[in-house]
Structure formats: structure tokens, C-alpha cells
Amino acid sequence: MDATLSRIRKLVETLLILTLSGMVLLTFIDVIGRRLFGAPLYGAHDATEHLMAIMVFCGLPLLTAARGHLTVDLFDKWLLRPGMAWWHRLVSALVAAVLVLIAYEFYNSAIEAGQIQEISQSLSIPRAGMYAFIAFASLLSVLAALLGCFGAQPSHPHATEEHAK
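Predicted model only: the values in this text are computed from it and were never measured.

The rules behind these values
Residues numbered from 1 in each chain as written. Predicted model: local features only at pLDDT ≥ 70, side-chain atom pairs only at ≥ 80, totals over all residues. Heavy atoms only, no water. Helix = DSSP H or I, 4+ residues; strand = E, 2+ residues; numbered from the N terminus. Buried < 20%, exposed > 50% of the residue type's maximum accessible area, 1.4 Å probe, protein only. Contact = heavy atoms within 4.5 Å. Areas by Shrake-Rupley, 256 points an atom, 1.4 Å probe, with all protein chains shown as cover. Salt bridge = Lys/Arg side-chain N within 4 Å of Asp/Glu carboxyl O. Lys, Arg positive; Asp, Glu negative; His and termini not counted. pLDDT = per-residue confidence, 0-100. Patch = residues over 30% accessible without salt bridge, like charges linked within 9 Å, V, L, I, M, F, W, Y side chains within 5 Å. Core = buried A, V, L, I, M, F, W, Y, C linked by side-chain atoms within 4.5 Å.

## Notes on the overall build of the protein
Logical step 1: The secondary structure content of the protein amounts to six helices and zero strands.
Logical step 2: Ordered by position from the N terminus, the helices and strands of the protein form the series α-α-α-α-α-α.
Logical step 3: Looking at the protein as a whole, 27% of its 165 residues are labelled buried.
Logical step 4: Within the protein, counting contacts between residues at least 6 apart in sequence, those at least 24 apart form 73% of the total.
Logical step 5: Summed over its atoms, the accessible surface of the protein is roughly 11600 Å², and 70% of this surface lies on carbon and sulfur atoms.

## Observations concerning the pattern of salt bridges
Logical step 1: Inspection of the entire model under this criterion finds three salt bridges.
Logical step 2: The residue E13 makes a salt bridge to R9 at a minimum N-O spacing of 2.9 Å. Taken together, the positions of E13 and R9, both in helix 1 (residues 2-36) and four residues apart, correspond to about one turn of that helix.
Logical step 3: A salt bridge links R34 to D30; its shortest N-O distance comes to 2.9 Å. Linking R34 with D30, this pair stays in helix 1, spanning four residues, or about one helical turn.

## Considerations on the side chain of D46
Logical step 1: Mapped onto the elements of the fold, D46 is located in helix 2 (residues 44-65).
Logical step 2: Although D46 is buried, it forms no salt bridge, and the closest oppositely charged side chain is R127 at an N-O distance of 4.8 Å.
Logical step 3: Contact partners of D46, with chain neighbours within four places excluded, come to S120, Q121, S122, L123 and S124.

## Thoughts on the confidence of the model for the protein
Logical step 1: The predicted model of the protein averages 85 in pLDDT, with 89% of residues at 70 or higher.
Logical step 2: When the elements of the protein are averaged for pLDDT, helix 6 (residues 159-164) gives the smallest value, 44, and helix 4 (residues 85-116) the largest, 92.
Logical step 3: Residue range residues 156-165 is modelled with pLDDT below 50. Its contacts to residues more than four positions away, or to other chains, number four contacts.

## Remarks on the environment of F106
Logical step 1: Within the element layout of this structure, F106 appears in helix 4.
Logical step 2: Each C-alpha atom of the pair F106 and F133 lies 8.7 Å from the other, and the pair is 27 residues apart in sequence.

## Comments concerning a nonpolar patch on the surface
Logical step 1: A cluster of nonpolar side chains, W86, W87, L90, V91 and L94, forms an exposed patch at the surface whose accessible area comes to about 470 Å².
Logical step 2: Along the chain, W87 turns up in helix 4.
Logical step 3: The exposure class assigned to W87 is partly exposed, which follows from its relative accessible area of 34%.

## Let's talk about the nonpolar core
Logical step 1: Formed by A53, F57, L60, A96, L99, M130, I134, A137, V142 and A145, the largest nonpolar core amounts to ten residues.
Logical step 2: Elements supplying a minimum of two residues to this core: helix 2, helix 4 and helix 5 (128-150).
Logical step 3: Here this core takes five residues from helix 5, the largest share from any one element.
Logical step 4: Apart from residues no more than four positions distant in its own chain, A145 is found in contact with T64, S92, V95 and A96.

## A short note on unusual backbone geometry
Outside of glycine, negative phi angles account for most residues, and trans bonds account for most peptide bonds.
Logical step 1: With a phi angle near 55 degrees, Q117 is a residue other than glycine that sits in the positive phi range.
Logical step 2: Take Q117: it is sitting in the loop between helix 4 and helix 5.
Logical step 3: Located in the positive-phi region is S124, a residue other than glycine, with phi close to 55 degrees.
Logical step 4: Mapped onto the fold, S124 is located in the loop between helix 4 and helix 5.

Below, the structure written as C-alpha cells:
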């Protein structure tokens, strides 16, 4: 199981690297074309928009599984105590609930975009597939958040130093 998850993670990380590299290259070519030749790259905005969505939502399950979301450590002294495990489980459950809502909304958007044949402005890329991908990635993030409810509770790197004092 760990080997499979490791392979999936490597695949997703590779996709993220390729997506970011593509965005950088696309932006570079667009800026050079715009500044030096007075001709921007046709469809660069559309392509960048889709690549950004892929990058953000492809990385979301990895970020959620690693508990890498933005946190404020203002109350870590109290919240990282063993007796506060319920709090961390509650937060993970709330994150999962919000992600379910996001997945639901994008699922509905995918269906609607398919029905009305919504496309991007310049390149005419169908939107339904992108919305479906976002819904799927959000559902994977829900699973990662739920696993956070039952896994080991997070610890702050400085928590052991503070307890040692």
C-alpha cells in the first residue's frame, strides 16, 4: 500500500513540476513575443488559466495529506497538548466538510458546462473536463482530510523543545 501511494505521489509531483514548468515557459514566450515582437502568444491566458487550475487542484490532495495548509501557531502552546486531540480531529472534519462542498459545486458545474458546452474564450477548450478534474481532486482531498481525523495528531517542531524547558 505504501509503495502504491508513493508511486502516486511521485506521479502527481511530476505532473506538478511539468505544469509549473509549462506555465513559466508559456509566460516567458508570451512576454518575449509581446515586448520584442509586439505579438503576444495567442491563447496564453487560456492555457495559463487551465494550467493553474491543474497545478492548484492536483497539489491539493498532497497538501491536505501532509497537513500543509496555512496555520497560525499563536495557540500552539495549548492546542498541541495531548488532551487537545479532539480539536485536531474536529478541524480535519471541518476541512473535509468544506472540501465536500467544493467537490459538489464543481461536480454540478461540470454537468452544467457539459450541457451548455461551455468553452474557454480564446482556445475553445471545453470547461466540463476541468471542472470534473477539480471535483475529483477535491474528493481526494476529502479522503486525505478524513485520514487526518484518524491518523497521528500533528506536532509542532518546537513543541518538544518547549516541553523540555
